[in-house]
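What follows is the residue order along each chain.
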Amino acid sequence: RCRHCSKIRAVAAPEKQEVRTSLRRNENIGKLQAGYLFPEIAKRRRAHQEKFPDAHVISLGIGDTTEPITGFVADAMKQAADGLGTRQGYSGYGSEQGNPKLREAICNRFYASLGRQPQEIFVSDGSKCDIGRMQMMFGSGAKVAVQDPSYPAYVDSSVMIGQTGGYSETGYDGIEYMVCRPENDFFPDLSQVRPADLIFFCSPNNPTGAAATREQLQQLVDFASANGSVVIYDAAYSLYISDANCPKSIFEIPGAETCCVETCSFSKYAGFTGVRLGWTVVPEQLRYADGQQVIKDWNRVTNTIFNGASNIAQAGGLACLEPQGMKEMQQTIDFYKENAGILYSTFEELGFKVHGGKNAPYIWIAIPGKPSWDTFADILERTHIVTTPGSGFGPAGEGFVRASAFGHRDDIMEAVRRFKEAYGKSS
Ligand code: MLT
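Reading guide: rules and limits
Residues numbered from 1 in each chain as written. Predicted model: local features only at pLDDT ≥ 70, side-chain atom pairs only at ≥ 80, totals over all residues. Heavy atoms only, no water. Helix = DSSP H or I, 4+ residues; strand = E, 2+ residues; numbered from the N terminus. Buried < 20%, exposed > 50% of the residue type's maximum accessible area, 1.4 Å probe, protein only. Contact = heavy atoms within 4.5 Å. Pairing = 2+ DSSP bridges. Phe/Tyr/Trp six-rings, centres within 6.5 Å; stacked < 30°, edge-to-face > 60°. Near = heavy atom within 4 Å. Polar contact = N/O pair within 3.5 Å; in protein donor to acceptor, adjacent residues only side chain to side chain. Areas by Shrake-Rupley, 256 points an atom, 1.4 Å probe, with all protein chains shown as cover. Nonpolar A, V, L, I, M, F, W, Y, C, P; charged D, E, K, R; others polar. Axes fitted to C-alpha atoms, helices over the stretch in contact; angles between N-to-C directions.

So what exactly am I meant to see when it comes to the environment of Ile241 here?
Within the secondary structure layout, Ile241 lies in the loop between β8 (230-234) and β9 (260-265). For Ile241, a relative accessible area of 4% puts it in the buried group. Taking the C-alpha atoms as reference points, Ile241 and Ser203, 38 residues apart in sequence, are found 9.0 Å from one another. Look past the residues within four positions of Ile241 in its chain and what remains in contact with it is Pro204, Ala211, Cys246, Pro247, Lys248, Lys337 and Asn359.

How should I be thinking about the pairing of strand β3 (residues 144-148) in this particular structure?
A regular strand places its side chains so that they alternate between the two faces of the sheet. For β3, a buried count of five out of five residues is recorded, marking the element as mostly surrounded by other parts of the structure. The alternating pattern of β3 places Val144, Val146 and Asp148 and Ala145 and Gln147 on opposite faces, both of which are buried. Pairing between β3 and strand β6 (residues 175-179): five bridges, direction parallel. Each bridged residue has a counterpart across the sheet, and for Ala145 the counterpart in β6 is Glu176. Both β3 and strand β7 (residues 198-202) contribute to a ladder of three bridges, which runs parallel. Bridge pairing in β7 places Ala145 opposite Ile199.

When you look at the packing of aromatic side chains in this model, what are you seeing that I'm missing?
Using the criterion set out here, one finds 26 aromatic pairs in the structure. Ring centres 6.3 Å apart and planes at 85° place the aromatic pair Tyr240 and Phe406 in the edge-to-face group. You can see Tyr240 sitting in the loop between β8 and β9 and its partner Phe406 sitting in the loop between β15 (400-404) and α13 (409-423), a full 166 residues away along the chain. On the accessibility criterion, Phe406 (1% relative accessible area) is buried. Each residue in the set Phe110, Tyr111, Phe251, Phe266, Phe272 and Trp279 is aromatic and connected to the rest through ring pairs, giving one cluster.

Honestly, the site of the ligand in this entry has me stumped. Any pointers?
Close contacts around the ligand come from Phe38, Ile62, Gly63, Tyr151, Asn206, Tyr237, Lys268, Tyr362 and Arg402, and that covers them all. Lys268 has a polar side-chain atom sitting 2.8 Å from an oxygen atom of the ligand. Within the complex, 84% of the 270 Å² of free accessible area of the ligand lies under protein. Here the shell around the ligand is composed, by residue class, of five nonpolar, two polar and two charged.

Would you mind going over the sheet that holds β6 with me for this structure?
Hydrogen bonds between backbone atoms are what pair the strands of a sheet, whose relative direction is either parallel or antiparallel. The strand order across the open sheet built from seven strands is β2-β10-β9-β8-β7-β3-β6, with neighbouring strands paired in mixed fashion. Edge strands, defined here as strands with exactly one partner in the open sheet, are β2 (121-124) and β6. Taking the axes of each pair of neighbouring strands and ignoring which way they run, one obtains an average angle of 20° across the sheet. Relative to strand β10 (residues 278-281), β9 runs antiparallel, the two sharing four bridges. Paired with Glu262 across the two strands is Val281, which belongs to β10. Taken strand by strand, helix α7 (residues 214-227) contacts β7, β8 and β9, and its axis lies near 170° from that of β7.

Quick look at the structure:
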């Protein structure tokens, strides 16, 4: 049985296929234990749907937004698209780093009071893509630490780029897993963490939903500074934070500018998971050991393997940051947070130990006693509801499942009804 996805693996002799190339497979890709988590879940969902063709399967699995893009933002993109069909409105390649107006607007909205400059903001097609490009920039020699559990793109991209050894029950050799569980309030005990070159840190965390406090983030920055590490801070869900003591940006923390980059996205704020728009902030003060600026390399990478975000998406991003766009974005976030509250109290009422949901669109539910892939299968079988097994996010995710709060309200209410029916006391 595969530890990673709990699938039974038959060890069969490879089928004889005609081979015409002499190309050797990248051995790092060969180290990956399973397919990427979310396509794997989608595959199981499809199989379930085939088995129960009449079932209305509800997805609380991948954190994909469901609500329409709000009017003001959608109109701005319509106008941009219409403009492309005219001589005056047409534009071809833009700047690889992003429309300067958008860089400025992002800076003014989120970072100007934190000392960041528009030229440090690089607009992109999303945080996940930036993480991949960053791994390429830092290269195979970097040693990586991650929160455990964490968003799987960090670890999988480290494996692909060659920063790790093979896989065992405790994870990939060479990755420093910083365990985050209820016992440590989902913040790693840094005194037990071996220093790494790169530390991936996501707050509010995906999947646990835990938002780090100011004091905890100061500890993280101090730890990184003391050990010469760079923190890749993933703030993709930061606008979901309502706790005043939990910073929305790592640059609220003194000292972050010399040891952190931050990546963020419009995906979960404005429903841009399909539109694709995000950004990464690289402070000019961040330098390699030899004194060279990281921002220069990031610019070089951006120029070389990225042609800039879609001009239509960037028009949408600009609209998001206007007062009306910000208001609408907040309404969308509030809607998903209400969903999170509904799911949280449902699981709590059912007697589960529940985490997250207050500063994040994810609920992290403890269901110990069997592999989380089995729990995932059990929930799917009994309720036709897709969740995400905790072990898909790292070894310390075992014993948990994640429920995403992205969903239409009627689906969330129907999910609540099914959970109560399947897991209530009388069932
Ligand atoms: C998730 O479900 O963890 C995310 O939606 C996936 C992503 O943002 O790529």
